[in-house]
Amino acid sequence: MRAPQRLEKKIQEVASLLVPVRDGLLLLPNVSVAEIVPITQVLPVSNAPDWYLGDCVWREQKVPVLSFETLNGDPKGGTSNRARFAVLNSTGISDELPFIAIVTQGLPRLARVNEEEIRERDGDKKPFELMYVSWAGEDAVIPDVSRMEQALLDYRNGAGFY
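Residues numbered from 1 in each chain as written. Predicted model: local features only at pLDDT ≥ 70, side-chain atom pairs only at ≥ 80, totals over all residues. Heavy atoms only, no water.

> Is there a simple way to think about the pairing of strand E2 (residues 24–29) in this case?
Looking at chain direction, strand E1 (residues 14–21) and E2 are connected through 6 bridges and run antiparallel. Bridged to Ser16 within E2 is Pro29. As consecutive antiparallel partners, E1 and E2 are separated by 2 residues. (Pairing = 2+ DSSP bridges. Helix = DSSP H or I, 4+ residues; strand = E, 2+ residues; numbered from the N terminus.)

What follows is the structure, encoded as structure tokens:
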């Protein structure tokens, strides 16, 4: 009797979002984004670094709001009237942090990313950027969400950051 053959199905495309930030676009898989929500009041956190904007309340829980640009060393900037919060699912580095939010400068667009259409671009990556990419004629950055979470956890645990 022969063992059944296993067919390995190659992933054809990854449903993703192009998320507008101050100086460009972030490319994130849909599964990493819990929800895009209107900006609500941010509850300040005393003595927080510039990149930790405070906490918002989302689905009856406090979610830390981070500035992707300020984490990467850019000056703290304002938001457009189209700004939103992108609530991101945790990458699993800590049970203490199920979600984080980043400020976007508008509504994301759907991107169906496949291997033939995405290319890595050259560039000097900033601390919280995994990769520069080009997809279907759009330049974007894949953010290092795990590192963003770790920076927040380090701050909360007194290890400091910057």
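> In this structure, what is going on with the sheet that holds strand E4 (residues 52–58)? I would like to understand it.
Backbone-to-backbone hydrogen bonds pair the strands of a sheet. The strands run either parallel or antiparallel. The 5 strands are arranged E3-E6-E7-E5-E4 in an open sheet whose pairing can be described as mixed. Whereas interior strands pair on both sides, the edge strands pair on one side only; in this sheet they are strand E3 (33–38) and E4. Along the sheet, successive strands turn relative to each other by an average axial angle of 30°, direction set aside. Bridge count for strand E6 (residues 84–89) against strand E7 (residues 99–104) is 6 bridges, and the pairing is antiparallel. Across the sheet, Val87 pairs through a bridge with Ala101, a residue of E7. The sheet strands contacting helix H2 (residues 145–156) are E4, strand E5 (61–66), E6 and E7, and the helix crosses E7 at an angle near 110°. (Axes fitted to C-alpha atoms, helices over the stretch in contact; angles between N-to-C directions. Contact = heavy atoms within 4.5 Å.)

> Is there a simple way to think about the nonpolar core in this case?
Side chains that are nonpolar tend, in soluble globular proteins, to be buried together. Trp51, Leu66, Leu88, Ile100, Met148 and Leu152 are the most contacted members of the largest nonpolar core, which has 25 residues in total. Elements with a contribution of two residues or more to this core: E1, E2, helix H1 (68–71), E6, E7 and H2. For this core, the element with the most residues is H2, which contributes 6 residues. Excluding its chain neighbours within four sequence positions, the residues that come into contact with Met148 are Leu66, Phe68, Leu71, Ile100, Ile102 and Phe128. Counting residues in each nonpolar core, the second largest holds 11 residues, with Trp58, Ala83, Phe85 and Ala101 among its members. (Core = buried A, V, L, I, M, F, W, Y, C linked by side-chain atoms within 4.5 Å. Buried < 20%, exposed > 50% of the residue type's maximum accessible area, 1.4 Å probe, protein only.)

> How do you make sense of the pattern of salt bridges when you look at a structure like this?
Where charged atoms from two side chains of opposite charge come close, those side chains can pair. One pass over the full model with this rule turns up 5 salt bridges. Here Arg121 ties to Asp139 by a salt bridge, and the two come within 3.5 Å at their closest N and O atoms. On the criterion of sequence distance, the pair formed by Arg121 in strand E9 (residues 118–121) and Asp139 in strand E11 (residues 138–143) is long-range, its members being 18 residues apart. Here Arg121 falls in the partly exposed class, since its relative accessible area comes to 25%. Its relative accessible area of 44% is what places Asp139 among the partly exposed residues. (Salt bridge = Lys/Arg side-chain N within 4 Å of Asp/Glu carboxyl O.)

> Hey, could you run me through the pairing of E11 in this one?
Within a regular strand, side chains alternate between the sheet's two faces. Alignment of strand E10 (residues 129–135) against E11, held across 6 bridges, turns out to be antiparallel. Each residue of the ladder has a partner; that of Trp135, found in E11, is Glu138.

> Can you help me understand the environment of Trp58 in this one?
If you trace the backbone, Trp58 turns up in strand E4. Once the C-alpha coordinates of Trp58 and Asn114 are considered, the two residues, 56 residues apart in sequence, prove to be 32 Å apart. Here Trp58 is in contact with Ala34, Glu35, Val37, Val63, Val87 and Phe99, once residues within four sequence places are set aside.

> What's the story with the environment of Ala101 in this structure? I'm lost.
Along the chain, the position of Ala101 falls in strand E7. The exposure class assigned to Ala101 is buried, which follows from its relative accessible area of 0%. C-alpha separation for the pair Ala101 and Ala86, spaced 15 residues apart in sequence, amounts to 5.3 Å. Setting aside its immediate chain neighbours within four residues, Ala101 contacts Val63, Pro64, Val65, Leu66, Phe85, Ala86 and Val87.

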